[in-house]
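Chains, contacts and geometry: an overview
This is what each chain is made of:
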Amino acid sequence: MTRALILGGTADASLLAAEIARAGIDAVYSYGGRTRAPADQPLPTRIGGFGGVSGLADYIRRENVTHVIDATHPFAAEMSRNAVVACAETGTPLIALERAPWAKEPGDNWIEIADVSAAVAALPEAAENVFLAIGRQHIAPFATKPQHAYTLRFVDPPDAPLPFAADVIVSRGPFTLEGELEMMRARGITWIVARNSGGDGARAKIDAARRLGLPVVMISRPQLPERLRAESVDEIMQWLSHRTCLGA
């Protein structure tokens, strides 16, 4: 019998959960616990970490998990690395539902860098209005450039003081091009810092930046161990039913 574990938290993971529920496949959806009010899922749901590689491996054994689908955010590197090791230790098939990264298009003014530290360094010394679209776990390094007026956008209100003064928008995507253009114009945004998450749900800010001619400091995805990957829910469903052999 198939019993799948979805490591979720993304819009793609929710689409997968809905398809798995419709197919009647036994599965559990796991949230990392970073969002206070995560979206409801049509599957049994757990919230919180596993306790590293050993905790995840123990969970896989204890719950008789037969397949693991890593549908976490492309920048949830620690969870993805833990999944690779835990699945190798337990002999459990693993696949990643990994949307393609955004590709630079004509008119884009990207400064492509490797990590958050490099993103801080890439911002100018002169004061600018900066939209930090990178999630609350990664904003602390920008305190070293307090001259900028920062706009942040979170799913939940901050539960602790921010490391610097900032204007906080509390909102859950997906976002539209029209909405992003309105927000950036109203706040006088002159620079954007973003992670190359890919997909459609967060793309509008990149399209808006192109439309407005704004520079975007684009953080590349972290390097992860080699693993089986798919870009669509259909491919994952085929993998679960063993109808196809997907390449890495």
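Residue indices begin from 1 for each chain and proceed along its sequence in written order. At least 70 in pLDDT is required for a residue's local features to be given in this predicted model, at least 80 for side-chain atom pairs to be given and counted, and no such filter applies to totals for whole chains, interfaces and linings, which use all residues. As a rule here, side-chain values cover all heavy atoms of the structure and leave hydrogens and water aside.

A helix here means a DSSP run of H or I that spans at least four residues, while a strand means a run of E at least two residues long, and both kinds are numbered starting from the N terminus. Mapped onto the elements, Arg 227 comes out in the loop between strand E11 (215-219) and strand E12 (228-230). Among the polar contacts listed, one links the side chain of Arg 227 to the side chain of Asp 70, at a separation of 2.7 Å. In protein, a polar contact means a hydrogen-donor-capable atom and an acceptor-capable atom, both N or O and within 3.5 Å, with residues adjacent in sequence counting only if both atoms are side-chain atoms; elsewhere, any N or O pair within 3.5 Å suffices.

Before going further, it helps to examine the nonpolar core. Each nonpolar core is a collection of buried residues, namely Ala, Val, Leu, Ile, Met, Phe, Trp, Tyr and Cys, held together in the definition by side-chain atoms within 4.5 Å. Buried residues are those whose accessible area, probed at 1.4 Å on protein chains only, stays under 20% of the maximum for their type, while exposed residues exceed 50% and partly exposed ones sit between those limits. Among the nonpolar cores identified, the biggest contains 20 residues, and Ile 6, Leu 16, Ile 20, Ile 69, Ile 236 and Leu 240 are the most heavily contacted of them. Those elements giving two or more residues to this core turn out to be strand E1 (3-7), helix H1 (11-23), strand E2 (26-31), strand E5 (94-97) and helix H7 (233-240). Here this core takes 5 residues from H7, the largest share from any one element. Note on definitions: a residue-residue contact is assigned when non-hydrogen atoms from the two residues lie within 4.5 Å. Sequence-distant contacts of Ile 6, that is, excluding residues within four places in its chain, are made with Ala 13, Leu 16, Ala 17, Ile 20, Val 28, Tyr 29, Ser 30, Leu 43, Ile 69 and Ala 71. Counting 19 residues, the second largest nonpolar core, distinct from the first, contains Val 120, Ile 139, Phe 142 and Phe 154.

We now examine the packing of helix H2 (residues 52-62) against helix H3 (residues 77-90). Axis lines are fitted to C-alpha atoms, over the contacting stretch for helices. Their N-to-C directions set the angle, which ranges from 0 to 180 degrees. One can describe the packing of H2 onto H3 by two numbers: an axis separation of 8 Å at closest approach and a directional angle of 50°. Regarding the angle of H2 to H3, the classification is oblique. Along this stretch, H2 crosses H3, giving a crossing that reads as right-handed. When H2 is examined against H3, the residues Gly 52, Val 53, Leu 56, Ala 57, Ile 60 and Arg 61 are found in contact with a partner set consisting of Met 79, Asn 82, Ala 83, Val 85, Ala 86, Cys 87, Glu 89 and Thr 90. Geometric relationships in this document are graded by angle, where less than 35 degrees denotes roughly parallel, more than 145 denotes roughly antiparallel, 65 to 115 denotes roughly perpendicular, and other angles denote oblique. For a crossing to be left-handed, the near helix must be turned anticlockwise from the far one by less than a right angle; the clockwise case is right-handed.

This next bit is on the pairing of strand E8 (residues 149-154). Most of E8 is tucked away: 5 of the 6 residues are buried. By the bridge criterion, 4 bridges tie strand E7 (residues 129-133) to E8 in an arrangement that is parallel. Within E8, the residue paired with Leu 132 across the bridge is Leu 152. When DSSP finds two or more bridges between a pair of strands, those strands are recorded as paired.

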